[in-house]
Amino acid sequence: MELKPTYDVEDTSSTQRIQHGLWPRGEIDPKKSKFPCCLVWTPLPVVSWLAPFIGHVGICREDGAVLDFSGSNFVNVDDFAFGAVARYVQLDREQCCFPPNLVGHTCKHRYRHAEYGTAITWDDALRSGERHFQHKSYNLFTCNCHSFAAGCLNRVCYGGTLGWNMVNVAVLVLFKGRWVSPLSILRSFLPFTLVLCLGIFMVGWPFLIGLMFFALLLVGWFTFGTYCLKKLLEC
């Protein structure tokens, strides 16, 4: 009888990822607060009540644990500040540049990327970002959780760019983010709706105008500061 060799059958895509050092991710599990390689978002007390598009952002390791810059010299690990995750965007590690050396860069920003700080894995980039922000003072308007997430994305040159900042991180979550559940939508917008209705009832339409002015002022500051006052908002 002729013996035929047997082989383990593996998923082709998984094999390709392992060859590139990208081990398969775990599944997203909101009940256990696990969001592998995701940007995550949750509403902020008071601020999100007045401007529901503004919230707290974190970035997750490959095992799904959330890291977020939530205070001066402090990065939370697997303990997302300000409540459970409401929205998330899962990022594609194949859009990252993980160079083992200068020659190994796959992005077009080889020298700039090396000067900025590189990482050889996703988790390595997050550890590097964590060490950097453990020596930074937190400021809602100049150096915040969005700055931390942007810094981690720049370390892997995500999407082939080193231009990640507070604004485009917020835009990515706003337009690409998926809601965890209908309850997370309610938790995000109910306080704003109540404040809006109460303000109009007690003050009238001037309250709505003031609220719109407040929102435009925030958007204007972050946009102007990010693109025109880079040194002030760099951290």
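How each quantity is defined
Residues numbered from 1 in each chain as written. Predicted model: local features only at pLDDT ≥ 70, side-chain atom pairs only at ≥ 80, totals over all residues. Heavy atoms only, no water. Phe/Tyr/Trp six-rings, centres within 6.5 Å; stacked < 30°, edge-to-face > 60°. Helix = DSSP H or I, 4+ residues; strand = E, 2+ residues; numbered from the N terminus. Buried < 20%, exposed > 50% of the residue type's maximum accessible area, 1.4 Å probe, protein only. Lys NZ or Arg CZ within 6 Å of the ring centre and 35° of its normal. Pairing = 2+ DSSP bridges. Core = buried A, V, L, I, M, F, W, Y, C linked by side-chain atoms within 4.5 Å. Contact = heavy atoms within 4.5 Å. Axes fitted to C-alpha atoms, helices over the stretch in contact; angles between N-to-C directions. Parallel < 35°, antiparallel > 145°, perpendicular 65-115°, else oblique. Nonpolar A, V, L, I, M, F, W, Y, C, P; charged D, E, K, R; others polar. Disulfide = S-S within 2.5 Å. Salt bridge = Lys/Arg side-chain N within 4 Å of Asp/Glu carboxyl O.

Engineer: Now, about the packing of aromatic side chains: what can you tell me, with residues and values included?
Structural biologist: Counting across every chain of the model gives eight aromatic pairs. For the pair Phe69 and Tyr138, a centre-to-centre distance of 5.3 Å together with 55° between the ring planes defines the contact as tilted. Taken together, the residues Phe69 in strand S3 (residues 66-71) and Tyr138 in the loop between helix H4 (122-133) and helix H5 (145-155) connect sequence positions 69 residues apart. Classification of Phe69 as buried rests on a relative accessible area of 0%. We classify Tyr138 as partly exposed; its relative accessible area is 25%. An aromatic cluster is present here, built from Phe69, Phe133, Tyr138 and Phe148 joined pairwise through their rings. One cation-aromatic arrangement involves Arg87 over Trp179; the distance from NZ or CZ to the ring centre is 4.4 Å.

Engineer: Explain the pairing of strand S5 (residues 87-90) to me, and be specific about the residues and the numbers.
Structural biologist: The pairing of strand S1 (residues 38-43) with S5 spans four bridges and is antiparallel. Bridge pairing in S5 links Cys38 to Gln90. Relative to strand S6 (residues 178-179), S5 runs antiparallel, the two sharing two bridges. In the sheet register, Arg87 faces S6, and the bridge partner there is Trp179.

Engineer: Tell me about the pairing of S3, residues and numbers included.
Structural biologist: With five of six residues buried, S3 is to be regarded as a mostly interior element. Where strand S2 (residues 55-60) and S3 come together, two bridges link them in antiparallel fashion. Note that in S3 the partner of Ile59 across the bridge is Leu67. Here S2 folds back onto S3 in antiparallel fashion, the turn holding five residues, of which Gly64 has a positive phi close to 95°. The pairing of S3 with strand S4 (residues 74-77) spans four bridges and is antiparallel.

Engineer: So what's going on with the nonpolar core? Residues and values would help.
Structural biologist: It is characteristic of soluble globular proteins that their nonpolar side chains tend to be buried jointly. Formed by 31 residues in total, the largest nonpolar core has its most connected members in Leu39, Ile59, Leu91, Trp122, Phe148, Leu153 and Val169. Only S1, S2, S3, H4, H5 and helix H6 (166-176) provide two or more residues apiece to this core. Apart from the residues within four sequence positions on either side, Ile59 is in contact with Cys38, Leu39, Ala65, Val66, Leu67, Trp122, Leu126, Phe148, Ala149, Cys152 and Leu153. Counting eight residues, the second-largest nonpolar core is a separate cluster that includes Phe35, Val40, Phe80 and Val85.

Engineer: Give a detailed account of the packing of helix H7 (residues 182-202) against helix H8 (residues 205-228), specifying residues and quantitative values.
Structural biologist: Contact geometry of H7 with H8 gives a least axis separation of 7 Å together with a crossing angle of 135°. As summarised for this structure, H7 and H8 are arranged oblique, according to the angle between their axes. Contacts between H7 and H8 pair Phe192, Val195, Leu196, Gly199 and Ile200 from the former with Trp205, Phe207, Leu208 and Leu211 from the latter. For the contact of H7 with H8, a count of residues per class yields eight nonpolar, one polar and no charged.

Engineer: How would you sum up H6? Please name residues and give values.
Structural biologist: Burial in H6 covers these residues: Met166, Val167, Val169, Leu172 and Val173. Its buried side turned inward, H6 meets S1, S2, S5, H5, H8 and helix H9 (230-233).

Engineer: For the environment of Gly204, give the residues involved together with the corresponding values.
Structural biologist: Examined against the element boundaries, Gly204 turns out to sit in the loop between H7 and H8. A sequence separation of 172 residues divides Gly204 from Lys32, and the C-alpha atoms of the two residues are 43 Å apart.

Engineer: Hey, could you go over the state of the cysteines for me, with residue numbers and the actual values?
Structural biologist: Considering all chains together, one arrives at one disulfide under this definition. Residue Cys97 stays outside any disulfide, its sulfur separated by 3.7 Å from that of Cys107, the closest cysteine.

Engineer: Quick one: what's the story with the pattern of salt bridges, residue by residue and with numbers?
Structural biologist: Within this structure, the stated rule accounts for three salt bridges. Measuring nitrogen to oxygen at the nearest pair gives 3.4 Å for the salt bridge that ties Asp78 to Lys34. Note that Asp78 is positioned in the loop between S4 and S5 and Lys34 in the loop between helix H1 (12-19) and S1, a separation of 44 residues in sequence. On the basis of relative accessible area, Asp78 is assigned to the partly exposed category, the value being 41%. In this structure, Asp63 and Arg61 form a salt bridge, with 2.9 Å as the shortest nitrogen-oxygen distance. The exposure class of Asp63 is partly exposed, given its relative accessible area of 42%.

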